[in-house]
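Descriptive structure summary
The chain contents come next:
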Amino acid sequence: MLRPWHCLIMHFLAALKSPRSERAIEPLANKAMLYANQGKEDLEMAIKAHSLFQQTDSMIQLSRLYYRHQESKIEFTRKIRNTYELAINNALRIYHVTQHKEYFEDALTFCEKSKATAIRDKFHKQAVQAFAGIPDSMLEKELQLNLQLGAATQALLSINDNSDTLYYATLKTLEDVKHKMEEFDESLEEDFPRYYNWLKEPEKKASLIDIQKALKPGSILIEYFLGSEQIYVFGVSDKQYQNWVFANNETVDATLNNYKTNIEAGSNFKSSAFCESAFKAYQLLLEQPLNYFTEKNEVSNLKIVPDGIIGNIPFDALMTRACQNINADAPYLVKKYSHSFLYSNRLLLDKTVKRQWFGNKACAIFGINYLSNKQLYGDSVYSSLPFIEEEVLSVQQLNGGDLYFNDAATVTHLEKKLSDSDILHIAVHGSFNEDNPGASGLVFSKQNVSDKRNNTLSLAAIYGLHTSAQFIYLSACFSGKGMLAASEGVMSLSRAFTYAGAKSQVITLWEVSDRASAIIAKSFYEHLKNGKTKDDALRLAKLKYIDESSTAIGQNPFFWAGSVVVGNADPLYANPIITWLVGAIFLLIFVALWYWRNKSN
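Below is a summary of the structure that appears in this document. (Residues numbered from 1 in each chain as written. Predicted model: local features only at pLDDT ≥ 70, side-chain atom pairs only at ≥ 80, totals over all residues. Heavy atoms only, no water.)

This part is about the packing of aromatic side chains. Overall, the coordinates contain 22 aromatic pairs when judged by the stated rule. Ring centres of phenylalanine 315 and phenylalanine 341 lie 5.6 Å apart, and the angle between their planes is 90°; this geometry places the pair in the edge-to-face category. Of this pair, phenylalanine 315 sits in the loop between strand 4 (301-305) and strand 5 (338-341) while phenylalanine 341 sits in strand 5, placing them 26 residues apart in sequence. A single burial state applies to phenylalanine 315 and to phenylalanine 341, both of which are buried. Taking 4.9 Å as the distance between ring centres and 15° as the angle between the ring planes, the aromatic pair formed by phenylalanine 366 and tyrosine 404 counts as stacked. Of this pair, phenylalanine 366 sits in strand 6 (residues 363-367) while tyrosine 404 is found in strand 7 (residues 402-405), placing the two residues 38 residues apart along the sequence. Taken together, the ring pairs connect Tyr95, Phe104, Phe234 and Tyr241 into an aromatic cluster. (Phe/Tyr/Trp six-rings, centres within 6.5 Å; stacked < 30°, edge-to-face > 60°. Helix = DSSP H or I, 4+ residues; strand = E, 2+ residues; numbered from the N terminus. Buried < 20%, exposed > 50% of the residue type's maximum accessible area, 1.4 Å probe, protein only.)

The subject of this paragraph is the layout of surface pockets. Counted as a void, the second largest pocket has a volume near 560 Å³. Around the second largest pocket sit 21 residues that line it, and Phe123, Gln126, Asp350, Thr352 and Lys503 are the ones nearest its centre. Ranked by residue count, the leading element in the lining of the second largest pocket is helix 8 (residues 117-131), at four residues. Class assignment of the residues belonging to the lining of the second largest pocket gives a composition of eight nonpolar, seven polar and six charged. (1 Å grid on protein atoms, 1.4 Å probe; cavity = no way out; pocket = protein on both sides within 12 Å on 5 of 7 lines; lining within 4 Å. Points joined across faces, edges and corners; volume = space filled by probe spheres on them. Nonpolar A, V, L, I, M, F, W, Y, C, P; charged D, E, K, R; others polar.)

Taken together, three strands build an open sheet; the order of strands is 9-10-11 and the sheet is antiparallel. Because the sheet does not close on itself, it has two edges, and the strands there are strand 9 (429-431) and strand 11 (456-458). Adjacent strand axes in the sheet meet at a mean angle of 25° when their direction is disregarded. With three bridges connecting them, strand 10 (residues 441-443) and strand 11 associate as antiparallel partners. Each residue of the ladder has a partner; that of glycine 441, found in strand 11, is serine 458. (Pairing = 2+ DSSP bridges. Axes fitted to C-alpha atoms, helices over the stretch in contact; angles between N-to-C directions.)

This is the structure in structure tokens:
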């Protein structure tokens, strides 16, 4: 953990070097706010304010280029979040008066610009690099520097003693890597000016038309912005769009926290109390959007871009009507809808994930039953996971691939499989460190008994990794839990893997049952191999678990509602029936050509 005085010095030096564009933001934003306040009664002033907010946004995007590391980007965007809230409010006011679609679209864009800044910046940078003519050798060097950053961060967080000599030597290594990264960026700017000129261009936004084209019939996008005084909700389907605004007050926090606390308590709560909190949370988050869209068209799938605490809410267990008991007949949201989380609506436009028509995706599977070897896995704080072996074997049977179990489930093996696996299934303990969130992570096996290092792959280190995995199943406790950053969302292991390049994941929001996880994971992959989307596959797996649980305890949402799909929910495999039909057609064509050739001879 960085010493407090060291952090203060870093922030002070960064403030001294703040770019001119950042210093120009405040007076421009203040003028926009003044016009917006007058625009409450004067449409012309509101339109002028809108133009100023757009100029302010351009200044913000330009200023963000100065910050090299995601921590500084997040802190910068946190400071200007209030500007985006006022910009959203002003744009929606103009839209409701004029009914001009572009103002709704701009409000949604402002909403997007206020969150997931580090992830969106990386997407933008990668898109620019693809067209800027940067040699592969330079891109490889950048990748290696990122890997060194991850390794140095991991080493710093792995120090278990209080040796100042070791701490400062490791800290110096980390600072040296950061310095090399800054020098690399400066050389890119000097040698490839076109790259940096393009990088200064506004990132490609997901237009309203783009989003609607990406949404299939029956799917709707719901995006939230938690403002200081109001909550803004945007809803978009393939044909309609609408927004809702309601007050953000202590009642909202109490409703969401009450529901979250109740479900995480497991069986230690009253059924009626949970049902009441689940229905109130549903009324707050989804009732108005779903009532609106279900009147227009049938809805079966939700794409949710959360904000703040909403990113920690298990939507599947929300009650769509008042209920008293948590049995198999309870009106859970999962009974009607599948859903997935998106860090940004831009992820809807990502079509790089391809379906596998024949054979299996390249798969690597990791799992540990900890108490079998405390010297390698840690002390008794890590409870035994007796169903892990059953889980990983069933995943391997369905997907094929390489299995790394117990002693073989090391960070080194995982890092080797990050670049050549389409699917990663990781069934290990997850840890959440509230005092030092960057030290939260996944608990792997040590390399050997004499290895003195911490065997946790930390959240901070994952940000420095790179993966080409299309899908990661994080069957680990707390993989979706983390501290809330106002401009970024939940700083979780899931977000770190997304930043590292993962297209989609299944994550957990709390300390899950390994038995329930094993059952749901097996069923999930069965549906996935049958061509289902990831969110539909998870929904069907949960419904099967609920139906086959013979007791009220087994049906408790604590056991099944904690997992959620994040990112691209598209299918990984083609429907086997379609695959057989395609194969049969090709066979018939081959036979016909063979027959025609022989007949002509």
